[in-house]
Amino acid sequence: MEPLFLYNTLSRQKEKFDPIQPPFVGMYVCGPTVYSDVHLGNCRTFISFDLIYRYLMHAGYKVRYVRNITDAGHLEGDRDEGEDKFAKKAKLEQVEPMEIVQKYSLGFHEVMGLFNTLAPSIEPTATGHISEQIEMTKKIIAQDFAYEVNGTIYFDVQKYCEKNNYGALSNRNLDDLLTNTRELSGQGDKKGRLDFALWIKAKPEHLMRWPSPWGWGFPGWHIECSAMSMKYLGERFDIHGGGMDLIATHHSNELAQSVACNHTEPVKYWMHTNMLTVNGARMSKTAGNGFLPHELFTGKHPLLERGYSPMVVKFFMMQTHYRSTLDFSNEALSASEKGFTRLMSAVKLMDNLKSSDTSSFSLEELKKKCYQAMNDDFNSPVLIAHLFDGVRLINSINDGTATISASDLQELKKLYQAFLYDVLGLKEEKSLGGSNELAADLMNLVLNIRKEIRSKKDFTTSDLIRDELKKINIVIKDTKDGAVWEHSV
RNA sequence: GGUCGGGUGGCCGAGCGGCUAGGCUGAGCUCUGCAAAAGCUCCUACAGCGGUUCAAAUCCGCUCCCGACCUCCA
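Residues numbered from 1 in each chain as written. Chains lettered and ligands numbered in written order. Predicted model: local features only at pLDDT ≥ 70, side-chain atom pairs only at ≥ 80, totals over all residues. Heavy atoms only, no water.

Caption draft 1: Local environment of empty space enclosed by the protein. The tally for this structure, following the rule as stated, stands at five cavities of 30 Å³ or more. In this model, the largest cavity occupies a volume close to 70 Å³. Secondary-structure elements contributing two or more residues to the lining of the largest cavity are helix H1 (40-58) and helix H10 (310-318). The biggest single contributor to the lining of the largest cavity is H1, with four residues. Class assignment for the residues of the lining of the largest cavity results in six nonpolar, three polar and one charged. Taken together, domain 1 (5-273) and domain 2 (299-423) each give at least three residues to the lining of the largest cavity, which thus spans both. (1 Å grid on protein atoms, 1.4 Å probe; cavity = no way out; pocket = protein on both sides within 12 Å on 5 of 7 lines; lining within 4 Å. Points joined across faces, edges and corners; volume = space filled by probe spheres on them. Helix = DSSP H or I, 4+ residues; strand = E, 2+ residues; numbered from the N terminus. Nonpolar A, V, L, I, M, F, W, Y, C, P; charged D, E, K, R; others polar. Domains from an automatic or database assignment.)

Caption draft 2: Main features of the domain arrangement of chain A. Here chain A is described as being made up of domain 1 (5-273), domain 2 (299-423) and domain 3 (437-487). Between the C-alpha centres of domain 1 and domain 2 the distance comes to 36 Å. Listed by partner, the interface residues are 23 residues for domain 1 and 26 residues for domain 2. Carbon and sulfur atoms supply 65% of the area buried between domain 1 and domain 2, which totals about 2300 Å² over both sides. Three residues stand out in domain 1 for area buried against domain 2, namely Arg-44, Leu-51 and Tyr-55, and they jointly supply 32% of the buried area on that side. There are two salt bridges connecting domain 1 and domain 2. A salt bridge links Lys-14 to Asp-376; the nearest nitrogen and oxygen atoms lie 2.8 Å apart. No other element matches H1, which puts eleven residues into the side of domain 1 that touches domain 2. A per-class count over the side of domain 1 that touches domain 2 returns 13 nonpolar, six polar and four charged. (Contact = heavy atoms within 4.5 Å. Buried area = accessible area lost by both parts, 1.4 Å probe. Salt bridge = Lys/Arg side-chain N within 4 Å of Asp/Glu carboxyl O.)

See the structure below:
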């Protein structure tokens, strides 16, 4: 097995992947805050880590993949003041905060299912780990890295910086961080402007609250990930991931908390996915250029000319490297859709391929290239490029201009099974011919009758049948071996 | 404003010192009753200006654009 290299945000370079305790791999990814519909950018992050999860497993690792659900403690503004996002939404919809959590957790899982992502090994919730967060906060206080002001506990960044580099992840020095932070209102009782809350005192109107040594309150946003990753993956684990926007604040805070608590670097490899843009601009609610996954699938949004199926969207995402920005546009999506269809058609063609004594190409070479692509920081666009080289090969074999041996044919099928389905996590969406017995029988009948007509050179009727079928999305192709059909969605 | 990251052919998107991916689109050809599909061929790019080097899209400097974070947004 060739070594795997991945880009570590901390070192800002590609590093050889060397798990702490092979064959086990611990991976933590910051999950969604379930107070509204999943953001498409969030989907991209989870789809990227799904690819990573799948490839690590394919490579033989025993992966424990933990992705949390934030269902408490996330405040408007991500500062330590303001309203709880869940409480706000609950008030708006006139329901319990936990109804909000339930509703959007279900919605999130549904969308991730449509994208054919695997469920994480553990999906812990913040509210289910309050005591762990309190314990961790206590430890940090005991180490003198946090202080209490009126029932709220703040992390002391200045103290932390005496011996540690707070800006290590974001690659910034402390002075820049301090001088470049704008003067904010509502700095509250913090000693330092970079300090952040580990535990927040609940105001009387707060619905979601828990007892603690410091009175009734709720956990700060950053502590949950530190507490839960520590609980399920240990004080030191392999991969921690999330969107790039989390680096400067959330992950830097997490890192500081864990180091303050355990005196050890919690994460060996920090991995971050890039942002998603629409027609070149960042997708955001205020810019009005954001659409929900369902709107993307159905095409019901002013920016969308039509809908694109989940697999097309996923394939489209996979054609861009996870560390590059991904730009959504109708043109790009349509291009991916055509490519995806061509790819899947060729894969299906493999079942009908005739083998020869020898192969006119090197299957080993193709296979090697696929692994090389994935071993180079999970380069799915390059992997897909090689998969398309295979498409041309498959079609050429089908046309008789290339040959394949029986054993290579078996290997080729395995290769696509492995990379297309197992690693990229793509799947057949269109019900191509034969998926439904009744439809297959009926179409057989139609095609046989049409064959009769064609043998009598009645092309007018023959074309009529083809045109009419096309109207109900059944495409007839007259090949030299007879007609075949497929049903497009 | 500060810090960090980018600008690649008609579009999307890899590559990141020499061998100049891939997808989509367009043109032509082969096959075909016609389509469709498929195959083959063509259009060959690296924001601009300098510099380093035998050799630069790839390294360095400057300029111009764009994005991220610092401030609600994933």
